[in-house]
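Now for the letters of each chain:
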Amino acid sequence: MPYACFTTLLQDAADKQCSLAECIQTREATESDTSVTQVRARLAEILAVMREAVRQGSQPDIKSRTGLTGGDAARLFDSVNRPDSVNVIGPLFTHILAASMATVELNAAMGRIVAAPTAGASGVLPGAFLTLLHEHDLDDDTLIDGLLVAGAIGACFAAQATLSGAAGGCQAEVGTAAAMTAAAVTYMLWPREESASSTAAANEAVNEALGHAASFAIQGQLGLVCDPVAGLVEIPCIARNATGTAVALAGAQMALSGLKFPLPFDEVVDAAARVGAAIPPSLRETAKGGLAITPTAKRIRRELR
């Protein structure tokens, strides 16, 4: 198993005295035999697909092919504006949860989404990105930097653990998405102006914080099972994207507040690999355990046949 993926990235960034996003885009351009400009143009296209996925998935009439899911994102968005609605988490957080669910509802309706890192976990990253965009007045270049960071974190999980729910449970999908999002949000919102006098020190500080953010997120998802009702990526997957986004933002907030996870990120990923392998096969996308074998889930499966 490749080890110390994140440590290697940090060392590379330190040697080149650049941020992790800058380091990753240069590496991507080299490995794909293209230019940095072309790399960023491709990411801009990906960002556009994410935006459209949230827009389409937020429509009240959207339905999955089975009819089991659809419209919940629209209900969440609507609840923010209804004067009679009870809101315990505030408009911003509600919008983030709604945007996260919108993407995965569109996926269930056979719409076009971006796997981040998988289709079943595609809502976490855009849910956070495209809501914080307006709240913090972020431009597209900043979001593209965030995508680069998210990709680097996802690549570490792919190299050291797995991105497959069938191999490692939902911690491999929504858990990885939460870690990717936590790191990316931390990067995008890091207060660089406070360290403008020393670019190298500022880069080192934010690069290390990314690992703490991702670690805070994935440690809260270790052991998360994959138990799709009727074997479909709908229940509980869509709602699980929303709760995964909440975990991601918690990880980002802790890192942005200066908290440091006691264990190195690479060791946390290694632990995730071992935990994923220890999850019983019945709880790894087989629909033979967890929520998938409740009486109601069994009834749903029979009705869909």
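Residues numbered from 1 in each chain as written. Predicted model: local features only at pLDDT ≥ 70, side-chain atom pairs only at ≥ 80, totals over all residues. Heavy atoms only, no water.

S.K.: Would you mind showing me how to read the overall build of the protein here?
M.R.: A count of helices and strands for the protein gives 13 helices and zero strands. Along the protein, from the amino end to the carboxyl end, the secondary structure elements read α-α-α-α-α-α-α-α-α-α-α-α-α. Radius of gyration (C-alpha) of the protein: 19 Å, near the 19 Å computed for a compact globule of 305 residues. Seen through its principal axes, the protein has C-alpha atoms that stretch 60 × 45 × 40 Å. Counting across all 305 residues of the protein, residues that qualify as buried make up 52%. (Helix = DSSP H or I, 4+ residues; strand = E, 2+ residues; numbered from the N terminus. Rg over C-alpha atoms; globule rule 2.2 N^0.38 Å. Buried < 20%, exposed > 50% of the residue type's maximum accessible area, 1.4 Å probe, protein only.)

S.K.: Just checking my understanding: could you explain the pattern of salt bridges for this structure?
M.R.: When their charged atoms lie close together, side chains carrying opposite charge are able to pair. For the coordinates displayed, the defined rule picks out 13 salt bridges. The closest approach of N and O atoms between Lys16 and Asp12, which form a salt bridge, is 3.5 Å. With Lys16 and Asp12 both in helix α1 (residues 5-16) and four residues apart, this pair spans about one turn of that helix. Owing to a relative accessible area of 15%, Asp12 belongs among the buried residues under this scheme. A salt bridge links Asp145 to Arg40; its shortest N-O distance comes to 2.9 Å. Taken together, the positions of Asp145 in helix α7 (residues 140-160) and Arg40 in helix α3 (residues 36-57) put the pair 105 residues apart, joining distant regions of the chain. We note that Asp145, like Arg40, is buried. Through salt bridges with shared partners, a single ionic network connects Asp12, Lys16 and Arg27. (Salt bridge = Lys/Arg side-chain N within 4 Å of Asp/Glu carboxyl O.)

S.K.: Would you explain the environment of Val247 in this entry?
M.R.: Within the secondary structure, Val247 is located in helix α11 (residues 237-256). Considering only alpha carbons, one finds Val247 and Arg112, 135 residues apart in sequence, at a separation of 25 Å. Leaving out residues up to four positions away in the same chain, Val247 has contacts with Ala217 and Gln221. (Contact = heavy atoms within 4.5 Å.)

S.K.: Can you help me understand the packing of aromatic side chains in this one?
M.R.: Given two aromatic rings, their pairing is described by the distance between the two centres and the angle made by the two planes. Tallying each qualifying case throughout the model produces three aromatic pairs. Here Phe216 and Phe261 contribute two aromatic rings whose centre-to-centre distance is 5.4 Å and whose plane-to-plane angle is 85 degrees, an arrangement assigned as edge-to-face. Taken together, the residues span a long stretch of sequence, with Phe216 in helix α10 (residues 199-219) and Phe261 in the loop between α11 and α12 (265-278) at a distance of 45 residues. Here Phe216 falls in the buried class, since its relative accessible area comes to 10%. Here a set of aromatic residues connected by ring pairs shows up, and it is made of Phe6, Phe157 and Phe265. (Phe/Tyr/Trp six-rings, centres within 6.5 Å; stacked < 30°, edge-to-face > 60°.)

S.K.: Is there a simple way to think about helix α4 (residues 72-81) in this case?
M.R.: Structurally, the α-helix is built with 3.6 residues per turn, so residues lying three or four positions apart point the same way. All of the buried residues along α4 are Ala73, Ala74 and Ser79. At its buried positions, α4 is contacted by α3 and α5 (91-108).

S.K.: Quick question: what am I supposed to make of a positive patch on the surface here?
M.R.: The grouping of Lys298, Arg301, Arg302 and Arg305 at the surface amounts to a positive patch. Of note, Arg301 is situated in helix α13 (residues 295-304). A relative accessible area of 36% means that Arg301 is categorised as partly exposed. (Patch = residues over 30% accessible without salt bridge, like charges linked within 9 Å, V, L, I, M, F, W, Y side chains within 5 Å. Areas by Shrake-Rupley, 256 points an atom, 1.4 Å probe, with all protein chains shown as cover. Lys, Arg positive; Asp, Glu negative; His and termini not counted. Charge placed at Lys NZ, Arg CZ, Asp CG, Glu CD.)

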